[in-house]
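# Summary of structural features
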Amino acid sequence: MAERIMAGRSAPKSSRRTRGTTKPTATTTPTADEARDLLEIKLAQLNSLLWCCYGDGNGWFEEAGEKHRDHMLWIASDLAREAEVLLELSSRG
């Protein structure tokens, strides 16, 4: 498993207006091997995030408040979208 954590961009002031606009560019497109490593990282991050939100059933997600729930679901959505792109890139190699 890859041993680094990939940090994303900072949250914009209004996350609702800019969701889903992040697209990889030609200069940042990873190779198939790099895409597989990054995919593994993204899926591990998504798994941990969703476990914290729901997995242990502790009710924390409901108590976090609307703003934090919205941000966490935004993170999950971004991770899933990035994983989808990385899966496509990794299958090309």
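It should be emphasised that the depicted structure is a prediction, and the values quoted were computed from it without experimental measurement. (Residues numbered from 1 in each chain as written. Predicted model: local features only at pLDDT ≥ 70, side-chain atom pairs only at ≥ 80, totals over all residues. Heavy atoms only, no water.)

### Brief notes about the overall build of the chain
Rule in force here: Numbering of helices and strands runs from the N terminus; a helix is a DSSP stretch of H or I covering at least four residues, while a strand is a stretch of E covering at least two. Only protein chains enter the accessibility calculation, which uses a 1.4 Å probe; a residue is then buried when its area is under 20% of its type maximum, exposed when over 50%, and partly exposed in between. Any pair of residues with heavy atoms lying within 4.5 Å of one another is described as a contacting pair. Accessibility throughout is a Shrake-Rupley quantity obtained with a 1.4 Å probe, and a residue counts as covered only by protein chains that appear here.
Assigned secondary structure in the chain consists of 4 helices and 0 strands. Taken from N to C terminus, the helices and strands of the chain fall in the order α-α-α-α. Taking all 93 residues of the chain together, the buried fraction comes to 26%. Once local pairs closer than 6 in sequence are excluded, the contacts in the chain between residues at least 24 apart make up 80%. Working note: accessible area of the chain is about 6900 Å², and carbon and sulfur atoms make up 55% of it.

### Thoughts on the packing of helix α2 (residues 32–55) against helix α4 (residues 66–90)
Put simply, the rule reads: In this analysis an axis means a line fitted to C-alpha atoms, helices contributing only their contacting stretch, and an angle means the value between N-to-C directions, from 0 to 180 degrees. Roughly parallel means an angle under 35 degrees; roughly antiparallel, over 145; roughly perpendicular, 65 to 115; everything else is oblique. Helix crossings are classified by the rotation of the near helix relative to the far one: an anticlockwise turn of less than a right angle makes the crossing left-handed, while a clockwise turn makes it right-handed.
At a minimum axis distance of 8 Å, the contact between α2 and α4 shows a crossing angle of 155°. Compared by their axis directions, α2 and α4 come out roughly antiparallel. Like other packed secondary-structure pairs, α2 and α4 cross with a definite hand, here left-handed. Contact with α2, carried on its side by A32, A35, R36, L38, L39, K42, L43, Q45, L46, L49, L50 and C53, involves M72, I75, A76, L79, A80, E82, A83, L86, L87, L89 and S90 of α4 and no other residues of that element.

### Quick notes on α4
Short version of the rule: Multiply 1.5 Å by the residue count of a helix minus one, and that product is the helix's expected span.
In this model α4 runs 36 Å from its N-terminal to its C-terminal C-alpha over 25 residues, within 8% of the 36 Å that 1.5 Å per residue would give. Buried within α4 we find D70, M72, W74, A76, D78, L79, A83, L86, L89 and S90.

### Some remarks on the pattern of salt bridges
Keep this limit in mind: The working definition used for a salt bridge is a side-chain nitrogen of Lys or Arg within 4 Å of a carboxyl oxygen of Asp or Glu.
For the structure shown, the criterion picks out 4 salt bridges. A salt bridge links D33 to R36; its shortest N-O distance comes to 2.3 Å. Placement of the pair is D33 and R36 together in helix α2, with a separation of 3 residues, close to one helical turn. The residue K42 makes a salt bridge to E82 at a minimum N-O spacing of 2.8 Å. One end of the pair, K42, is in helix α2; the other, E82, is in helix α4, and 40 residues separate them in sequence.

### Quick notes on the confidence of the model for the chain
This is how it is decided: The predictor's confidence in any single residue is recorded as pLDDT, a number from 0 to 100.
Averaged over every residue, the pLDDT of the chain is 78; residues scoring 70 or more account for 70%. Here helix α1 (residues 15–18) stands out as the element of the chain with the lowest mean pLDDT, 44, in contrast to α4, whose mean of 95 is the highest. Every residue in residues 5–18 scores below 50 in pLDDT, and together they form 17 contacts with partners more than four places removed in sequence or on other chains.

### Quick word on the environment of A80
Here A80 is to be found in helix α4. A relative accessible area of 36% means that A80 is categorised as partly exposed. Sequence separation between A80 and L46 is 34 residues; the distance between their C-alpha atoms is 7.2 Å.

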